[in-house]
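# Fold and geometry: a report
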Amino acid sequence: MIARTLTGLLLWSCLYPAAQAREYQYSDAHLHYVDFFQETEGMPALLKAMDTAGVEQSMISGIPVAKKWHEDEPKRPRYYAGDDADAYWYSATDVYVAAALMSLPLEQRRRFHPFLSGFNPVDKNAVSHIERMLALYPGLWQGIGEVFTRHDDLTALTSGDTPRANNEAMARVYHLAAEHDLPVLLHTNITSKRERNPLYLAEIEEPLRNHPHTRFIWAHAGSSAEIHRHQTHMEFLLPVLTRLLEDYPNLYVDLSWSVLHPYLLDAQGRPRKDWLVLVERFPTRFMLGSDVVGRFDSVAEQLQGFVPFLDALPAQVAQQVARDNFLAVLPKAANAVK
């Protein structure tokens, strides 16, 4: 009886191999080397976290703002929302990223794809900063962003005018990005915390329409954890995103953590069929990011959280989302090196 059972199990394992449980190699499409105080665990910690998580390649950027420790605050805040002190635009963040990469051996450096982020998106001089950085580190930069425009409470806390993705300063950046074949990673919320409609849709759609030769990566598909605290599920997000993908072939979507719940997975952790259908329909347009900020021990946890969704996709599509799509959106020169 035992022998018969073992024989049956062996036959089952042959017919239904363990390959049903897939292993993924990732490209991390959204990672910040420093935090909101421009501090970091450093490259050794990042490389170790990538190896643990199965991340072969990673986007890497700074944080374009720094949080002020205000004179009136007795305790240093731990996050940008820790108190009401301002954040301010901080260009040196790009220098920190460049210095960290230049310190690496060439083989390790090739695992990273640095994006420029240290500029004020409401300043028409921003394009000049980007041009200077491209000249200062020739051949290093492979994208622009994460650009902070509509970004929850950070927008209100940041000194100066409210940044929008469709202003004149950013239009200049998009032209430069197209000229240099650089993708642009944009954080622009689709709505505010309380409006149950795509209030800020025009701010992402106008650049998509007006700059067809610029590749846009929409961070979190316009969602955020702060929006979810006030309205658990934006019913309009899926139909709006579907239409944008249909209308604009230059749109790509970063599915980092705030999209995972409640959109890709339901409350029981099961993949949502309508999002599976969308990703299968546009298999080259989605990518994954950890969105870690200066601390790297959660890279594996963030990316592996997508496994139930990836496993429900066809294997080829899952591989594209987990690894290939981010690499494909990079400049042609960057892909030629690989």
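Quick note: structure is the one above.
No experiment lies behind these values; they were computed from the predicted model shown.

### A closer look at the overall build of the protein chain
Each helix and strand in the protein chain was counted, giving 16 helices and 10 strands. For the protein chain, whose C-alpha radius of gyration is 21 Å, the value lies close to the compact-globule estimate of 20 Å for 338 residues. Taken along the three principal axes of its C-alpha coordinates, the protein chain extends 75 × 50 × 45 Å. For the protein chain, restricting intrachain contacts to residue pairs at least 6 apart in sequence, the fraction spanning at least 24 positions comes to 80%. For the protein chain, the accessible area works out to roughly 15400 Å², and carbon and sulfur atoms hold 53% of it.

### Description of the environment of L265
In this fold, L265 is placed in the loop between helix 11 (260–264) and helix 12 (273–281). In this structure, the C-alpha to C-alpha distance between L265 and F309, residues 44 residues apart in sequence, is 7.1 Å. Apart from residues lying up to four places away in sequence, L265 is in contact with L260, R270, P271, R272, G305, P308 and F309.

### Focus on the packing of helix 5 (residues 126–136) against helix 7 (residues 168–179)
Running from N to C, helix 5 and helix 7 cross one another at 30 degrees; their axes reach a closest spacing of 8 Å. Relative to helix 7, the element helix 5 is oriented roughly parallel. Mapping the contact onto sequence places A126, V127, I130, E131 and L134 in helix 5 and R172, V173 and L176 in helix 7.

### Quick word on the nonpolar core
Of all hydrophobic cores here, the largest spans 94 residues; its most connected members are L241, W275, F286 and L310. Setting aside chain neighbours within four positions, we find L241 in contact with W218, A221, L251, V253, W275, L278 and F286. A29, A219, L327 and V329 belong to the second-largest nonpolar core, a separate cluster that totals 13 residues.

### Examining the sheet that holds strand 6 (residues 143–148)
Pairing in this open sheet of eight strands is parallel, and the strands run 1-2-5-6-7-8-9-10 from one edge to the other. A strand with exactly one partner marks an edge of an open sheet, and here the two such strands are strand 1 (26–28) and strand 10 (286–287). Two strands pair when backbone bridges link them, and strand 9 (residues 251–254) and strand 10 are joined in this way by two bridges, in the parallel orientation. Its bridge partner lying in strand 10, V253 is registered against F286. Where helix 2 (residues 43–53) meets the sheet, its contacts fall on strand 1, strand 2 (55–60) and strand 5 (112–116), and the angle it forms with strand 2 comes to roughly 135 degrees. Across the face of the sheet, helix 10 (residues 237–247) comes into contact with strand 8 (216–219), strand 9 and strand 10 while running at roughly 140 degrees to strand 9.

### Here we look at the pairing of strand 9
Here strand 9 shows no split at all, with L251 and V253 on one side and Y252 and D254 on the other all buried. Pairing analysis gives four bridges linking strand 8 to strand 9, with the strands arranged parallel. Bridging from a neighbouring strand, F216 pairs with L251 of strand 9.

### A look at the environment of A333
Mapped onto the secondary structure, A333 falls in helix 16 (residues 332–337). Residue A333 is classed as exposed on the basis of its relative accessible area of 56%. Sequence separation between A333 and Q142 is 191 residues; the distance between their C-alpha atoms is 8.9 Å.

### Some thoughts on the packing of helix 10 against helix 12
The N-to-C vectors of helix 10 and helix 12 enclose an angle of 5 degrees; their axes lie 11 Å apart at closest approach. When the interaxial angle is binned, helix 10 and helix 12 end up roughly parallel. Seen from helix 10, the contacting residues are L237, L238, L241, T242, L245 and E246; seen from helix 12, they are D274, W275, L278 and R281. Grouping the constituent residues of the contact of helix 10 with helix 12 by class yields six nonpolar, one polar and three charged.

### Remarks on the side chain of E146
Within the secondary structure, E146 is located in strand 6. As a buried residue without a salt bridge, E146 has its nearest oppositely charged side chain in R150, at a separation of 14 Å. Within the structure, E146 has its side chain in polar contact with the side chain of H30 (distance 2.9 Å). Within polar-contact distance, the side chain of E146 engages the side chain of H187 at 3.0 Å. The residues contacting E146, other than those within four sequence positions of it, are H30, H32, M59, S61, P64, S117, L185, H187, A219, H220 and D291.

### So, the pairing of strand 2
Counting buried positions along strand 2 yields five of six residues, so the element is predominantly enclosed. Sheet topology places strand 1 next to strand 2; three bridges connect them, and they run parallel. When the bridges of strand 2 are listed, S27 appears paired with Q57. Taking the sense of rotation as the criterion, the β-α-β connection linking strand 1, helix 2 and strand 2 turns out right-handed. As paired strands, strand 2 and strand 5 are joined by three bridges and run parallel to one another. Residue pairing for strand 5: S58 is matched across the bridge by F112.

Scoring rules and cut-offs
Position numbers for residues count from 1 along each chain, tracking the sequence in the order it is written. Owing to the predicted nature of the model, reporting of local features is limited to residues with pLDDT of at least 70; listing and counting of side-chain atom pairs is limited to 80 or more, with chain, interface and lining totals taken over all residues. Water and hydrogen atoms play no part in the side-chain values, which are based on all heavy atoms of the structure. Helix and strand definitions follow DSSP, with helices as H or I runs of at least four residues and strands as E runs of at least two, each counted in order from the N terminus. This radius of gyration counts C-alpha atoms alone. The globule rule is 2.2 Å times how many residues there are, raised to the power 0.38. It only takes one pair of heavy atoms within 4.5 Å for two residues to be counted as in contact. The Shrake-Rupley method, run with a 1.4 Å probe, gives the accessible areas here. Residue values count only the displayed protein chains as cover. Fitted lines through C-alpha atoms give the axes, limited to the stretch in contact for helices. The angle between two N-to-C directions lies from 0 to 180 degrees. These descriptions rest on fixed angle ranges, namely under 35 degrees for roughly parallel, over 145 for roughly antiparallel, 65 to 115 for roughly perpendicular, and the rest for oblique. The nonpolar core is taken to be a set of buried Ala, Val, Leu, Ile, Met, Phe, Trp, Tyr and Cys residues, with the residues joined through side-chain atoms within 4.5 Å. The classification of residues rests on relative accessible area computed with a 1.4 Å probe and restricted to protein chains. Under 20% of the type maximum is buried, over 50% is exposed, and intermediate values are partly exposed. Whether two strands pair comes down to DSSP finding at least two bridges between them. Residue polarity is assigned by list, with Asp, Glu, Lys and Arg as charged and Ala, Val, Leu, Ile, Met, Phe, Trp, Tyr, Cys and Pro as nonpolar; anything else, Gly included, falls into the polar class. In this tally, Lys and Arg are treated as positive and Asp and Glu as negative; His is ignored, and so are the chain termini. Just to be clear on terms, a salt bridge is a Lys or Arg side-chain nitrogen sitting within 4 Å of an Asp or Glu carboxyl oxygen. Polar contact is the term for a pair of N or O atoms within 3.5 Å; when the atoms are in protein, one must be able to donate a hydrogen and the other to accept it, and sequence-neighboring residues count only if both atoms are side-chain atoms. Crossover handedness is defined here as right-handed if the route from the first strand over the helix to the second strand goes clockwise, with the strands pointing away from the viewer.

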